[in-house]
Number of protein chains: 2
Amino acid sequence: MRAIHIVTTRLSSSFIRPVLLDFVSCSPLRQFSTPRRFICAASKVNGGSRSGSIVAPLVVNEEFQNIDVNPPKGTRDFPPEDMRLRNWLFNHFKEVSRLFGYEEVDFPVLETEALFIRKAGEEIRDQLYCFEDRGNRRVALRPELTPSLARLVIQKGKSVSLPLKWFAVGQCWRYERMTRGRRREHYQWNMDIIGVPEVTAEAELISSIVTFFKRIGITASDVGFKVSSLKVLQEFFKKYGVPEDLFGRVCIIIDKIEKIPIDEIKKELGFTGISDDAIEQLLQVFSVKSLDDLEDILGGVGEAIADLKQLFSLAEKFGYSEWIQFDASVVRGLAYYTGIVFEGFDREGKLRAICGGGRYDRLLSTYGGDDIPACGFGFGDAVIVELLKEKDLLPELGQEVENIVCALDKDLQGAATTIATALKDKGQTVDLVLESKPLKWVFKRAARVNARRPVLVGKLVRSVSRFCLQVSNFKSNLMTWSSSI
Amino acid sequence: MRAIHIVTTRLSSSFIRPVLLDFVSCSPLRQFSTPRRFICAASKVNGGSRSGSIVAPLVVNEEFQNIDVNPPKGTRDFPPEDMRLRNWLFNHFKEVSRLFGYEEVDFPVLETEALFIRKAGEEIRDQLYCFEDRGNRRVALRPELTPSLARLVIQKGKSVSLPLKWFAVGQCWRYERMTRGRRREHYQWNMDIIGVPEVTAEAELISSIVTFFKRIGITASDVGFKVSSLKVLQEFFKKYGVPEDLFGRVCIIIDKIEKIPIDEIKKELGFTGISDDAIEQLLQVFSVKSLDDLEDILGGVGEAIADLKQLFSLAEKFGYSEWIQFDASVVRGLAYYTGIVFEGFDREGKLRAICGGGRYDRLLSTYGGDDIPACGFGFGDAVIVELLKEKDLLPELGQEVENIVCALDKDLQGAATTIATALKDKGQTVDLVLESKPLKWVFKRAARVNARRPVLVGKLVRSVSRFCLQVSNFKSNLMTWSSSI
């Protein structure tokens with residue numbers, strides 16, 4: 001996103017109908033064909049926006065340092081135009097979550113490092129922003145939200161009634177190698193259900209993401225969800241006698257299937273000690289794209305297939321069947337998933353995963369808590385914006401202010417202030433011009449902030465009375481306006 | 001704030017009027033006096049919320065670690081009840097800012113350390129959460145937002161039209177000694193005006209804070225603003241021939257006037273090399289409480305007094321005269337202020353400063369940019385909550401969900417899902433019960449989430465037809481309801 005100030009043509013001069021109002025009563029006194037004399041009067045006052053006339057004369061005793069004016073590598077500023085897009089996106093995240101009855105939560109962006117050190121092999125572990133604080137505690141900027149959520153659930157213990165349906169939108173940090181479009185911080189929308197062992201939970205989570213997509217104009221022909229279950233792998237392990245303790249490591253290797261050559265995958269799997277024969281079988285399982293084929297390979301309907309069948313059946317009831325497809329290669333790169341896993345992808349295959357999640361029924365016990373069945377997803381703010389750009393679906397969001405109020409003479413700043421305050425007391429947004437500025441400047445600013453109504457406070461040159469001049473660009477009835485403030 | 005689940009009595013059983021709806025058409029079929037048979041039917045289904053029946057049987061190969069379930073010392077989790085309060089507060093911050101025509105911005109929470117290392121003596125410097133990242137860059141969690149704002153303004157350069165009116169609500173970090181109510185992170189609301197040299201800017205900033213106070217029920221008898229100008233000190237320096245390069249150090253010492261004994265202040269001032277006579281005079285200046293007395297001491301109306309007089313005159317126009325008072329002892333603890341400074345305080349004197357700000361016309365040049373006149377304030381989220389507690393003004397905020405939808409039989413989960421989706425498509429919030437639960441459980445949950453309408457999907461025992469049972473706690477007309485979905 002670039003810093004573009006959207007300038008509308010709303011304030012076309014042909015629409016300007018200046019009207020004089022009595023300052024106190026706001027009743028109309030006299031109409032002028034053009035506001036030219038006010039322009040002249042106002043032009044005499046020097047704006048001087050960049051030269052601070054009352055800057056104190058003291059010499060600064062700082063060591064002069066030219067700092068880098070860019071944010072640290074991999075991080076972002078949010079100037080107004082980017083913040084509007086962020087707010088637009090986050091509001092959709094939040095509104096969808098509330099529509100589904102979820103409650104918002106948050107956790108510290110700085111957590112105890114131990115919370116994120118779970119398992120060797122996880123990429124996340126080597127990308128931690130971690131350090132020792134002034135009290136010699138090992139801390140880390142959170143790379144994801146789920147561990148903090150698990151910590152809070154354990155802490156709350158029996159004081160909360162299950163199930164919990166929680167959502168969060170929070171910033172996460174990973175020290176990644178910088179490539180195009182990949183940053184070191186991103187915001188992540190999470191929705192989690194704690195306390196529901198049934199597949200209805202995963203089905204609802206996917207439904208909420210679909211609802212979000214629909215709201216922002218993304219259709220089932222733009223994106224889809226690949227769905228699988230880690231129980232597939234568990235059942236395979238049982239069938240082929242692979243030791244269960246290899247589960248996490250194998251998942252992390254399989255997650256790279258589409259990113260590195262298949263020979264590399266085989267080599268890495270070989271290092272775990274799995275036999276070559278089992279590796280071939282395993283890779284066959286992960287290339288399966290239909291539940292029927294999977295049933296053949298696993299030799300019957302186990303928990304994995306039953307769960308997946310239930311999910312596809314629920315998808316029909318939720319109304320998003322066309323969005324999901326079975327794909328055994330989806331395992332997600334986090335070691336804590338235990339059941340259904342899913343991943344949102346763009347059908348053109350241009351982008352990384354848009355979102356992902358699944359069931360993590362045993363995460364709590366890894367932190368010393370009692371396990372509670374749980375599932376959730378993470379949805380970043382980066383890939384979705386890329387997708388919206390691709391599909392030309394980015395919204396045009398300008399600043400919107402109802403009134404711009406300006407004194408055309410320095411003496412009238414007080415009067416303008418009073419009018420601005422009256423408008424704000426009525427709940428109307430006001431950009432009050434804080435300096436004496438020429439009329440031309442005011443109109444330029446009014447256009448820039450998309451002000452619907454410029455309110456100019458001026459003096460009549462041939463009279464000692466004070467007036468309020470309203471220049472309106474739409475067919476507002478003067479009496480309506482004066483009675484409305 | 002404690003974790004209290006607000007249980008309303010809205011779902012008093014005397015109001016329950018169960019009604020059967022045909023599942024497909026949602027037209028009423030038959031009315032029942034009590035839903036007892038549904039209770040019985042549903043009771044047979046085992047809820048088992050905490051025991052996950054389909055938890056996978058694999059052994060977890062983790063090193064078992066009991067992590068601390070509390071957030072790191074000095075930080076907070078935001079469970080739903082705290083998050084509601086945070087959202088309530090932040091929404092007021094944001095709505096007031098928008099009312100005044102300010103645009104929202106944000107910056108990275110992790111910044112280059114150099115941005116915050118300005119001047120020895122500033123408390124803030126010794127409280128930085130700073131470290132070296134994996135790329136050997138010195139970085140720090142931001143202790144305040146203003147330096148980042150200054151950095152962004154320099155970066156934007158001439159591409160933006162002045163003045164800028166920006167606001168932000170962001171988390172800030174300081175490694176402070178933990179005392180009651182003092183944490184190591186807090187959220188801060190900032191409003192800043194870049195490019196206006198006139199006192200109208202400071203006047204508008206104070207007006208926006210007053211507007212915020214009024215909205216949340218705080219009056220001028222609860223809080224006030226102490227206002228001064230650092231030009232007072234500058235003029236004093238000139239008059240008494242104190243070297244200008246002592247300005248920053250003296251400000252930081254004076255800021256402690258109410259916190260440490262006066263003898264300590266004198267000693268610290270002595271270390272700077274100021275003569276004992278000048279110290280006595282200086283302390284006299286800072287004890288002044290009226291502009292007239294100040295005029296006597298400084299010997300005439302300089303810029304300091306002119307600015308302050310203009311501010312008090314504008315306060316009248318903005319309508320907040322009763323909120324502000326002159327107090328020379330206000331200097332703020334940050335070295336970058338150059339003109340008007342102000343501080344919000346509780347009149348009972350129980351709390352630390354509620355907010356504070358002022359003019360910082362020369363901050364940009366300390367970073368190597370061209371100076372632009374600027375002013376702003378910071379308003380933390382901690383002290384204001386303490387004040388609201390003191391004044392018994394904390395709002396009662398419960399979760400609010402329009403519908404709770406529940407299948408009374410496992411077979412009907414799909415039907416319940418379809419109904420929930422239909423309601424959500426209409427924009428109604430829905431908490432869908434994802435497991436088979438007894439009716440009693442559903443009502444308990446409905447009360448907990450403040451659901452206005454429980455929608456129970458059940459089967460008629462004596463019929464093979466399926467029905468939708470609506471149990472409503474208010475006088476909703478059934479036909480209205482069925483036509484509204």
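Being a predicted model, the structure only gives us computed values, none of them experimental.

### Topic: the overall build of chain A
- Secondary structure assignment for chain A yields 15 helices and 17 strands.
- Long-range contacts, defined here as pairs at least 24 residues apart, represent 70% of the contacts in chain A between residues at least 6 apart.
- Accessible surface, chain A as shown: approximately 19300 Å² in total, 49% of it carbon and sulfur.

### Examining the packing of helix H6 (residues 247-254) of chain B against helix H7 (residues 262-271) of chain B
All names here are of chain B.
- Between H6 and H7, whose axes approach to 10 Å, the crossing angle comes to 170°. The angle between the axes of H6 and H7 places the two elements in the roughly antiparallel class. Contacts between H6 and H7 involve Arg-249, Val-250, Ile-253 and Ile-254 on the former and, on the latter, Ile-265, Glu-268, Leu-269 and Phe-271.

### Here we look at the relation of the copies chain A and chain B
- After a rotation of 180° and a shift along the axis of 0.0 Å, chain A superposes on chain B with an RMSD of 0.0 Å. Expressed as a symmetry operation, the mapping of one chain copy onto the other fits a two-fold axis. Across chain A, the rotation axis passes nearest the C-alpha of Phe-131 of chain A, at a separation of 3.2 Å.
- When you check the interface residues of chain A against chain B, 100% turn up at the interface there too, and the contact is symmetric in its surfaces.

### Thoughts on the confidence of the model for chain A
All names here are of chain A.
- The share of residues in chain A with pLDDT of 70 or more is 79%, and the mean pLDDT across the chain is 81.
- In the model, residues 463-485 has pLDDT below 50 throughout and makes 71 contacts with residues more than four positions away in sequence or in other chains.
- Overall fold confidence (pTM) sits at 0.84, and the ipTM for the predicted complex is 0.83.

### Some details on the packing of aromatic side chains
- According to the stated counting rule, one finds 43 aromatic pairs over all chains in the structure shown.
- When the ring of Phe-78 of chain A is compared with that of Tyr-187 of chain A, the centres are 6.1 Å apart and the planes differ by 70°; the resulting orientation is edge-to-face. Highlighted residues: Phe-78 of chain A in the loop between helix H1 (36-43) and helix H2 (80-99) and Tyr-187 of chain A in strand S8 (residues 185-194), separated in sequence by 109 residues.
- Grouping aromatic residues by their ring pairs yields a cluster made of Phe-78, Phe-90, Phe-93, Tyr-187, Trp-189, Phe-212, Phe-213, Phe-225, Trp-323, Phe-377 and Phe-379 of chain A.
- Against the face of Phe-78 of chain A rests Arg-86 of chain A, its NZ or CZ located 4.5 Å from the ring centre.
- Over the face of the ring belonging to Tyr-175 of chain B we find Arg-184 of chain B, whose NZ or CZ atom lies 3.9 Å from the ring centre.

### Some words on the sheet that holds strand S5 (residues 129-132) of chain A
Residues and elements named next belong to chain A.
- One open sheet holds the 3 strands; their spatial order is S4-S6-S5, and the pairing between them is antiparallel. Bordering the open sheet on either side are strand S4 (110-112) and S5, each of which pairs with just one other strand. With direction set aside, neighbouring strand axes in the sheet form an average angle of 35°.

### Quick notes on the sheet that holds strand S5 (residues 129-132) of chain B
Residues and elements named next belong to chain B.
- Pairing within the open sheet is antiparallel, and its 3 strands lie in the order S4-S6-S5. Of all the strands in the sheet, the pair left with one neighbour each is strand S4 (110-112) and S5. On average, adjacent strands in this sheet sit at an angle of 35° to one another, irrespective of strand direction.

### Some words on the nonpolar core
- One finds Phe-213, Phe-225, Phe-379 and Ile-384 of chain A to be the most contacted residues of the largest nonpolar core, which totals 128 residues.
- With residues near it in sequence (within four places) discarded, Ile-384 of chain A still touches Leu-89, Phe-212, Phe-213, Ile-216, Ile-354 and Phe-379 of chain A.

### Concerning the environment of Arg-352 of chain A
Residues and elements named next belong to chain A.
- Mapped onto the secondary structure, Arg-352 falls in the loop between strand S11 (340-346) and strand S12 (355-359).
- Exposure remark for Arg-352: the relative accessible area of 37% places this residue in the partly exposed category.
- Linking Arg-352 and Val-383, residues 31 residues apart in sequence, is a C-alpha distance of 6.9 Å.

### Overview of unusual backbone geometry
- Look at the link from Leu-162 of chain A to Pro-163 of chain A: it is a cis peptide, with omega at -5°.
- Structurally, the position occupied by Pro-163 of chain A is in the loop between helix H3 (146-156) and strand S7 (164-173).
- Positive phi outside glycine occurs at Asp-392 of chain B, with the angle close to 55°.
- Positionally, Asp-392 of chain B belongs in the loop between helix H12 (383-390) and strand S14 (403-407).
- For Asn-450 of chain B, which is not glycine, the phi torsion reads 55° and is therefore positive.
- With respect to the helices and strands, Asn-450 of chain B occurs in the loop between helix H14 (439-448) and strand S16 (453-459).

### Here we look at the interface of chain A and chain B
- Each partner contributes to the interface: chain A provides 137 residues, whereas chain B provides 137 residues.
- For the pair chain A and chain B, the summed buried surface comes to about 11900 Å²; carbon and sulfur atoms form 56% of the total.
- Applying the counting rule to chain A against chain B returns 10 salt bridges.
- Measuring nitrogen to oxygen at the nearest pair gives 3.2 Å for the salt bridge that ties Lys-156 of chain A to Glu-81 of chain B.
- Taken together, the residues of the side of chain A that touches chain B sort by class into 56 nonpolar, 37 polar and 44 charged.

### A word on the UniProt feature "binding site: L-histidine" (unreviewed entry) in chain A
Residues and elements named next belong to chain A.
- Following the UniProt record, the feature "binding site: L-histidine" (unreviewed entry) maps to Glu-144, Leu-145, Thr-146, Arg-174, Gln-188, Asp-192, Arg-332, Tyr-336 and Tyr-337 here.
- Along the chain, the position of Arg-174 falls in the loop between S7 and S8.
- Not counting residues up to four positions away in its chain, the partners in contact with Arg-174 are Ile-124, Gln-127, Tyr-129, Pro-143, Arg-183 and Arg-184.
- According to the relative accessible area criterion, Tyr-336 is buried, its value standing at 6%.
- Polar contacts involving the side chain of Tyr-336 include one to the side chain of Glu-144, which spans 2.5 Å.

### Points about the environment of Glu-435 of chain B
All names here are of chain B.
- Relative to the helices and strands, Glu-435 resides in the loop between strand S15 (430-432) and H14.
- Taking the relative accessible area as the measure of exposure, Glu-435 reaches 2% and is therefore buried.
- In this structure, the C-alpha to C-alpha distance between Glu-435 and Ala-407, residues 28 residues apart in sequence, is 8.1 Å.

### Let's talk about the state of the cysteines
- This structure, assessed with the given rule, holds 0 disulfides over all chains.
- Looking at the unpaired Cys-251 of chain A, the closest cysteine sulfur is the one in Cys-375 of chain A, lying at 17 Å.

### Let's talk about the pattern of salt bridges
Residue and element names in this part refer to chain A.
- Scanning the entire structure with this criterion turns up 64 salt bridges over all chains.
- Among the salt bridges present, the one from Glu-280 reaches Lys-266, with a minimum N-O distance of 3.3 Å. With Glu-280 in helix H8 (residues 276-286) and Lys-266 in helix H7 (residues 262-271), the pair connects residues that are 14 residues apart, well separated along the chain.
- Judged by its relative accessible area of 43%, Glu-280 falls in the partly exposed class.
- Put simply, Asp-222, Glu-348, Lys-350, Glu-390 and Lys-391 are held in one network by salt bridges that share partners.

### Quick word on the pairing of S12 of chain A
Residue and element names in this part refer to chain A.
- Within S12, 5 of the 5 residues are buried, which leaves the element mostly enclosed by the surrounding structure.
- Sheet analysis places S11 next to S12, joined by 4 bridges and oriented antiparallel. From the neighbouring strand, Phe-342 faces S12, where its bridge partner is Gly-357.

### A closer look at the packing of helix H5 (residues 230-240) of chain B against helix H8 (residues 276-286) of chain B
Residues and elements named next belong to chain B.
- Closest axis-to-axis distance for the H5/H8 pair is 11 Å, and the angle between their directions is 155°. When the axis of H5 is compared with that of H8, the two are roughly antiparallel. Pair H5 / H8 crosses with right-handed handedness. Residue-level inspection shows Val-232, Leu-233, Phe-236 and Tyr-240 of H5 in contact with H8, the latter providing Ala-278, Gln-281, Leu-282, Val-285 and Phe-286.
- In the contact of H5 with H8, the residues fall into 8 nonpolar, 1 polar and no charged.

### Looking at the side chain of Lys-231 of chain A
All names here are of chain A.
- Mapped onto the secondary structure, Lys-231 falls in helix H5 (residues 230-240).
- With relative accessibility at 3%, the residue Lys-231 sits in the buried group.
- Of note is the side chain of Lys-231, whose polar atom sits 3.1 Å from the side chain of Glu-303.
- A distance of 2.8 Å separates a polar atom in the side chain of Lys-231 from a polar atom in the side chain of Asp-307.

What counts as what
Residues numbered from 1 in each chain as written. Chains lettered and ligands numbered in written order. Predicted model: local features only at pLDDT ≥ 70, side-chain atom pairs only at ≥ 80, totals over all residues. Heavy atoms only, no water. Helix = DSSP H or I, 4+ residues; strand = E, 2+ residues; numbered from the N terminus. Contact = heavy atoms within 4.5 Å. Areas by Shrake-Rupley, 256 points an atom, 1.4 Å probe, with all protein chains shown as cover. Axes fitted to C-alpha atoms, helices over the stretch in contact; angles between N-to-C directions. Parallel < 35°, antiparallel > 145°, perpendicular 65-115°, else oblique. Least-squares fit on C-alpha atoms with pLDDT ≥ 70 in both. pLDDT = per-residue confidence, 0-100. Phe/Tyr/Trp six-rings, centres within 6.5 Å; stacked < 30°, edge-to-face > 60°. Lys NZ or Arg CZ within 6 Å of the ring centre and 35° of its normal. Pairing = 2+ DSSP bridges. Core = buried A, V, L, I, M, F, W, Y, C linked by side-chain atoms within 4.5 Å. Buried < 20%, exposed > 50% of the residue type's maximum accessible area, 1.4 Å probe, protein only. Buried area = accessible area lost by both parts, 1.4 Å probe. Salt bridge = Lys/Arg side-chain N within 4 Å of Asp/Glu carboxyl O. Nonpolar A, V, L, I, M, F, W, Y, C, P; charged D, E, K, R; others polar. UniProt positions renumbered as here; feature names shortened; annotations may be inferred. Polar contact = N/O pair within 3.5 Å; in protein donor to acceptor, adjacent residues only side chain to side chain. Disulfide = S-S within 2.5 Å. Left-handed = near helix turned anticlockwise from the far one by under 90°.

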